[in-house]
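A structural walkthrough
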Amino acid sequence: SDEPFKGESIIMLNTDGFYASSCKNTESSRFNVVNAAIAITTATEINKKYKKSVGIITPYAAQAKLLRKMLNDYTILD
């Protein structure tokens, strides 16, 4: 079968109803603090509960940078 990620889990969260708009940094790359907080919280809870590695995908460099900073802060506080 050519099924992508066969036997693996995937979680997609629709944050449309949160009414959190994205911002742009000086390079016009977008970031969204609310979405980042939801992604970090979800990923860390899954990691703690199931001891599974979790990846977060974003097409924006600014969002990836924000996620890395938030995850670093989270692991320092944890």
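Residues numbered from 1 in each chain as written. Predicted model: local features only at pLDDT ≥ 70, side-chain atom pairs only at ≥ 80, totals over all residues. Heavy atoms only, no water.

Further remarks concern the side chain of Gln63. Residue placement: Gln63 occurs in helix α2 (residues 61–77). A polar atom in the side chain of Gln63 sits 2.6 Å from the backbone nitrogen of Asn32. Once residues lying within four places of it in the same chain are set aside, the contact partners of Gln63 are Arg30, Phe31, Asn32, Asn35, Ala36 and Thr58. (Helix = DSSP H or I, 4+ residues; strand = E, 2+ residues; numbered from the N terminus. Polar contact = N/O pair within 3.5 Å; in protein donor to acceptor, adjacent residues only side chain to side chain. Contact = heavy atoms within 4.5 Å.)

Let us look at the environment of Lys65. Note on placement: Lys65 falls in helix α2. The partly exposed category is assigned to Lys65, whose relative accessible area is 47%. Spatially, the C-alpha atoms of Lys65 and Phe31 are 8.9 Å apart, while their sequence positions differ by 34 residues. (Buried < 20%, exposed > 50% of the residue type's maximum accessible area, 1.4 Å probe, protein only.)

Turning to the side chain of Asn32, a few remarks are in order. Along the chain, Asn32 falls in the loop between β2 (30–31) and α1 (33–50). One polar contact links the side chain of Asn32 to the main-chain amide nitrogen of Val34, over a distance of 3.0 Å. In this view, Asn32 contacts Ala20, Ser21, Ser22, Gln63 and Leu66; residues no more than four positions away in its chain are not counted.

Once that is clear, we can look at the nonpolar core. Judged by nonpolar contacts, Ala36, Ala39, Ile40, Leu66 and Leu67 together constitute the single largest core of five residues. For this core, the secondary-structure elements that each account for two or more residues are α1 and α2. Examining the composition of this core, we find that three residues originate from one element, α1, more than from any other. Beyond its immediate chain neighbours, meaning those up to four positions away, Ile40 contacts Ile56, Leu67, Met70 and Leu71. (Core = buried A, V, L, I, M, F, W, Y, C linked by side-chain atoms within 4.5 Å.)

Taking 1.5 Å as the rise per residue, α1 with 18 residues should run 26 Å; its terminal C-alpha atoms sit 26 Å apart, in good agreement. The complete set of buried residues in α1 reads Ala36, Ala39, Ile40, Ala43 and Thr44. What you see down the axis of α1 is that its buried residues fit within an arc of 115°, all on one side. Facing away from the buried side of α1 by more than 90 degrees, the exposed set consists of Lys49 and Tyr50. Backbone nitrogen of Val34 and a side-chain oxygen of the N-cap are separated by 3.0 Å at the start of α1; the cap is Asn32. (Expected span 1.5 Å × (residues − 1). Arc of directions from axis to C-beta.)

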